[in-house]
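Each chain is listed here by its residues.
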Amino acid sequence: QVQLVESGGGSVQAGGFLRLSCAASERTLRNYAMAWFRQAPGKEREFVVVTTWSGISTRYADSVKGRFTITRDNAKNTVYLQMNSLKPEDTAVYYCAAGGFADVTTTHYAYWGQGTQVTVSS
């Protein structure tokens, strides 16, 4: 089975930065599109960014475009999310996901990590 483990979450002041990591099982990055979603308390899980295994096709949510960057290190089977200029509204549990298609909806992702908390204070 595909296993995903997130790390790197924490608390930061507005305007600060964090880098999240998603460690995947062997060859996952070659066979799947990888995405990040986030979920705040009482809200639905929302799309953040998705990229294909090659990194050729990448799409960001408008709310994070220009501030967040997704990268892949296939040699380490790891996906990263660099988050700069963080805002209080970025506060949420962040999940990485793997799926057969690069899409913005949760339906297309069969494999999920357990999430890592990101808290941004004013």
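Up top you'll find the structure we're talking about.
Residues numbered from 1 in each chain as written. Predicted model: local features only at pLDDT ≥ 70, side-chain atom pairs only at ≥ 80, totals over all residues. Heavy atoms only, no water.

A. The overall build of the protein, seen in detail. Scanning the protein from terminus to terminus reveals one helix and 11 strands. Counting helices and strands in the order they occur from the N terminus, the protein gives β-β-β-α-β-β-β-β-β-β-β-β. Over its C-alpha trace the protein gives a radius of gyration of 13 Å, about what one expects of a compact globule, namely 14 Å for 122 residues. Each principal axis of the C-alpha distribution contributes one length, and for the protein these read about 40 × 30 × 25 Å. A burial count over the protein gives 43% of its 122 residues as buried. Look at the contacts in the protein between residues 6 or more apart in sequence, and 57% of them connect residues 24 or more apart. (Helix = DSSP H or I, 4+ residues; strand = E, 2+ residues; numbered from the N terminus. Rg over C-alpha atoms; globule rule 2.2 N^0.38 Å. Buried < 20%, exposed > 50% of the residue type's maximum accessible area, 1.4 Å probe, protein only. Contact = heavy atoms within 4.5 Å.)

B. Representation of the nonpolar core within the structure. Within the largest apolar cluster, 33 residues are counted, with the highest numbers of intra-cluster contacts made by L4, W36, V48, F68, L81, M83 and Y94. Mapped onto this core, the elements with two or more residues apiece are β3 (18-24), β4 (33-39), β5 (46-51), β7 (68-73), β8 (78-83), β9 (92-99) and β11 (116-121). (Core = buried A, V, L, I, M, F, W, Y, C linked by side-chain atoms within 4.5 Å.)

C. The arrangement of the pairing of β5 in detail. The element β5 is largely enclosed, with a buried count of five among its six residues. Inspection of the sheet shows β4 paired to β5 by five bridges, in the antiparallel sense. Note that in β5 the partner of F37 across the bridge is F47. Linking two consecutive strands that pair antiparallel, namely β4 and β5, is a turn of six residues; a positive phi of about 80° is found at G42 within it. As judged from the three bridges shared by β5 and strand β6 (residues 58-60), these two strands associate in the antiparallel manner. Across the sheet, V49 pairs through a bridge with Y60, a residue of β6. The antiparallel pairing of β5 with β6 creates a hairpin that spans six residues between the two strands, and G55 there sits at a positive phi of about 80°. (Pairing = 2+ DSSP bridges.)

D. Broad picture of the sheet that holds β7. Taken in spatial order, the four strands make up an open sheet running β1-β3-β8-β7, and their pairing is antiparallel. Each having just a single partner strand, β1 (4-7) and β7 make up the two edges of the open sheet. Put simply, the sheet's adjacent strands are angled 15° from each other on average, direction ignored. As paired elements, β7 and β8 share six bridges and run antiparallel to each other. Counted as the bridge partner of T71 is Y80 from β8. (Axes fitted to C-alpha atoms, helices over the stretch in contact; angles between N-to-C directions.)

E. Layout of unusual backbone geometry. Of note, the phi angle at N77 is positive, near 55°, even though the residue is not glycine. Relative to the helices and strands, N77 resides in the loop between β7 and β8. Of the residues examined, N77 reaches a relative accessible area of 17% and is grouped as buried. Here the phi dihedral of S85 falls at roughly 50°; this positive angle occurs in a residue that is not glycine. By relative accessible area, which is 42% here, S85 ends up partly exposed.

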